[in-house]
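What follows is each chain in one-letter form.
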Amino acid sequence: MRFIRRRKRLLGALLLSTAALIAGSAAARAAATQVTVNIRADQPGAVINPNVYGQFAEHLGTGIYEGVWVGEKSAIPNTNGYRNDVVDALKNLKVPVVRWPGGCFADEYHWRDGIGPREKRPVKVNTHWGGVPETNEFGTHEFMAFAEMIGAKVYISGNVGSGSVQEMADWMEYMTSDTVSTLANERRKNGRDKPWDVHYFGIGNETWGCGGNMTPEWYANLFRQYATYVKAPRGHRPTIIASGGNGDETLWAEVLTKNVKRDMDAISHHYYTLPTGKWPKKGKSIGFPESEWISTFAQTLRIDGFISRNVEVLEKNDPQGKIAFYVDEWGTWYDPEPGREPGFLWQHNTLRDALVAGLNFNVFHRHAKRVQMTNIAQMVNVLQAMILTEGPKMALTPTYHVFQMYIPFQGATHLPAEITTPEYQLDDATVPAVSVSAARDTSGKLQLALVNLDPNREAVVTTRVTGAAATQAQGRVLTAKAMDARNTVDAPEAIYPVKISAERKGSTLVIRLPPKSVSVLRLQ
Ligand code: AHR
C-alpha cells in the first residue's frame, strides 16, 4: 500500500519530466528520425501465446531464498514464508508460467531432498552457483504453492544429468497421482491432498553443457527413454519439452526432430545477450559507453535469425507443426558486479535492459506460430530480473515495467507491421532506429509497441492502419535521461512509465517517441 501511495505522489513529477523528455530540446527535434508504420489489420497472423511472457526462477544466488522465500519466521513481511512485496508485484505482472528449479541446478536437484518437514531436509551444496549451502527449504510444495499464489502455470525441469529415470517417474507420480499409491499418500501426508497439474515438464537442461555434456544423438536417445516414463493421470499429461541448442546452433533441433518420433511437444533453446558478444568480458551493467549500448541491441537482434533458422528445421522435419520452439532462457548477462559473489549472477537492471526486453518481444511476436513459450532469465535478483531486493526493500526494474506494458499482447493476434526506419549507427555497429510490433488484443483493440533504440534522437512515427479504422492512440512510454537509468531499493521510482498519445494528422496517427524509449499504445 505504502508503495502504491508513493507511486501516486511521484506520478505528477514524472509526467512533467517525461513530457519534457518527449518534447525534447529544439536540437533533438531538428534531428528527429522519420519512421513510417503500416499495421496490416487485414492480415492477422498467429496468436501470441501468453507463455511468451514466461519467467524462470532457479535456485541461484538470492533468486529463490531472499528473493521469493524468506521463511515464516522472517521479519520481512511474508505470508507462509513468501515475501508479500514480491508476490504482490508478480501478481500485477500476470506471469503466465514459471520454470523451476533450474537451469543448471535442475540437473543436480533430487526432488526427495525438498519434501517433508523442513527442519529434516538435507543440506546440500549448490555446486553450480557459488558453492553455497542449499537448505532445500524451498521444494516441490513451496514452489507449487508459490505458482498458485501468483496465478502462474508450472514448468518443472527434470534431472537427466545426475538423476535416474525412476527418480523422474516417481516425482511425476508424487505430484500428479490421484490414487492411493504410496507416493500419492506421502504427498497427502506432507500437506497436499489434491494432485497438482504439472503443465510443462522439461527433460533436462542444457544437456550440451552443465546438464551432462552430451552429444545431441546421445541425448535424443535419453529423451526417448526418460519421456516414456513421464506419466500423469488421463487428461493431465504435461507438455513435454526436450532440451535443445544454444545461440546460432540448429544441430540440436535437426537431430531431435529426426531421432525423436513421439512425446516431444517442444524443443527449448537458449540465448543470452552479451554486450560484447564475448563470455570472458561481457560488458558492465552500468557505466557503459554508447558503443556497448548499440552493440547490446545488435547482439539481441541476432535472436531473430537464430529462431528463423531453427524454425526452418522444424518446418522441414515437422511440417504439421506439432513441435513448438521455446526460448526458455533469454536476457542480458553482464560481468559480475564488483563486491558481489560472482556465482550469484546479480546485476543492475537499467533502461537498456528495458529496450532489450521490448526488442525480444517484438521478435518473438513475429515468430508466434512456433515460439509458444519464452522464459526470461530470471525472475528475482538474478541476471535480467523483474525485481531486485535488498533485505526488506524491493525495487521494480525497468524490465518489470516493460513486461507490464506488454501485457495486452498476451493472447493477442499478431498483425504484420510494415516499417520504414532509418538506421542508428555507431562505429561499425548498425541497428534499425525503431523496432515495431502490432497485434489485435483479446478485446479486439489494436496494440502497437515501439522501441526507439537511438539514444540521441527522437523518432516521429507516422502510423497507418490497413483494414481497420484508428483515429486515436494512447498508452505508456518508458524512458529516462541516462542510458543506464535504473531503480534501486533506495530510489525505486527513478524510472517509471508515463502517458503517451498520438496526434491525428489526416488519415494517420503521429507518435513522437523520445530517444531511448519503449512505448505501447492502444489504437481505437
Ligand atoms: O540462467 C543461468 C544459467 O544459464 C542457467 O542455469 C543455465 O541453464 C544457463 O547456462
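Every value quoted in this text rests on a predicted model; they were computed, and no experiment measured them.

Caption draft 1: Structural detail: the site of the ligand. Around the ligand lies a shell of 14 residues, among which Glu58, Cys104, Glu206, Tyr272 and Glu329 are the nearest. One of the side-chain nitrogen or oxygen atoms of glutamate 206 is found 2.8 Å away from an oxygen atom of the ligand. Here an oxygen atom of the ligand and a side-chain polar atom of glutamate 329 are 2.7 Å apart. For the shell around the ligand, the class distribution of residues is seven nonpolar, four polar and three charged.

Caption draft 2: Focus on the packing of helix α7 (residues 216-228) against helix α8 (residues 251-259). Where α7 meets α8, the closest approach of the two axes is 9 Å, and the angle between their N-to-C directions is 45°. When the axis of α7 is compared with that of α8, the two are oblique. Remark: the crossing between α7 and α8 carries right-handed chirality. Contacts between α7 and α8 involve Pro216, Glu217, Tyr219, Ala220 and Arg224 from the first element and Leu251, Trp252, Val255, Leu256 and Asn259 from the second. For the contact of α7 with α8, a count of residues per class yields seven nonpolar, one polar and two charged.

Caption draft 3: Region of the structure containing the confidence of the model for the chain. With 94% of its residues at a pLDDT of 70 or more, the chain has an overall mean of 94. Every residue in residues 1-30 scores below 50 in pLDDT, and together they form 30 contacts with partners more than four places removed in sequence or on other chains.

Caption draft 4: Molecular detail of the environment of histidine 199. You can see histidine 199 is positioned in the loop between α6 (182-189) and β9 (200-203). Sequence spacing of histidine 199 and lysine 153 is 46 residues, and the spatial spacing of their C-alpha atoms is 6.3 Å. Not counting the four nearest positions on each side in its chain, histidine 199 is found in contact with Lys153, Val154, Pro238 and Thr239. One polar contact links the side chain of histidine 199 to the main-chain amide nitrogen of valine 154, over a distance of 3.0 Å.

Caption draft 5: Fine view of the side chain of threonine 296. Topologically, threonine 296 is positioned in helix α9 (residues 290-317). Those residues within four positions of threonine 296 in sequence are excluded, and the remaining contacts are Thr273, Pro275, Arg352 and Val356.

Caption draft 6: Molecular detail of the sheet that holds strand β26 (residues 508-513). Taken in spatial order, the five strands make up an open sheet running β17-β1-β22-β26-β25, and their pairing is mixed. For this open sheet the edge positions go to β17 (417-420) and β25 (503-505), each flanked by a neighbour on one side alone. This sheet shows a mean twist of 25° between the axes of neighbouring strands, independent of strand direction. In this structure, β25 lies alongside β26, joined through three bridges in antiparallel fashion. Note on β26: the bridge partner recorded for arginine 504 is leucine 509.

Caption draft 7: Local environment of the pattern of salt bridges. For the coordinates displayed, the defined rule picks out 24 salt bridges. The partner of arginine 370 in a salt bridge is glutamate 315, and the shortest N-O contact between them spans 3.2 Å. Of this pair, arginine 370 sits in the loop between α10 (351-366) and β13 (371-377) while glutamate 315 is found in helix α9, placing the two residues 55 residues apart along the sequence. Its relative accessible area of 4% is what places arginine 370 among the buried residues. Taking the relative accessible area as the measure of exposure, glutamate 315 reaches 33% and is therefore partly exposed.

Caption draft 8: Examining the domain arrangement of the chain more closely. Domains assigned within the chain are domain 1 (2-45 + 415-523) and domain 2 (50-410). Contacts between the two partners involve 48 residues from domain 1, matched on the other side by 40 residues from domain 2. Of the roughly 3,300 Å² buried where domain 1 meets domain 2, counting both sides, 70% is carbon and sulfur surface. Considering only the surface of domain 1 that becomes buried against domain 2, Met483, Arg486 and Val489 emerge as the three largest contributors, covering 19% of it. The interface formed by domain 1 and domain 2 contains one salt bridge. One salt bridge connects aspartate 490 with lysine 393, and the closest N-O pair in it is separated by 2.7 Å.

Thresholds, definitions, all that
Residues numbered from 1 in each chain as written. Predicted model: local features only at pLDDT ≥ 70, side-chain atom pairs only at ≥ 80, totals over all residues. Heavy atoms only, no water. Near = heavy atom within 4 Å. Polar contact = N/O pair within 3.5 Å; in protein donor to acceptor, adjacent residues only side chain to side chain. Nonpolar A, V, L, I, M, F, W, Y, C, P; charged D, E, K, R; others polar. Axes fitted to C-alpha atoms, helices over the stretch in contact; angles between N-to-C directions. Helix = DSSP H or I, 4+ residues; strand = E, 2+ residues; numbered from the N terminus. Parallel < 35°, antiparallel > 145°, perpendicular 65-115°, else oblique. Left-handed = near helix turned anticlockwise from the far one by under 90°. Contact = heavy atoms within 4.5 Å. pLDDT = per-residue confidence, 0-100. Pairing = 2+ DSSP bridges. Salt bridge = Lys/Arg side-chain N within 4 Å of Asp/Glu carboxyl O. Buried < 20%, exposed > 50% of the residue type's maximum accessible area, 1.4 Å probe, protein only. Domains from an automatic or database assignment. Buried area = accessible area lost by both parts, 1.4 Å probe.

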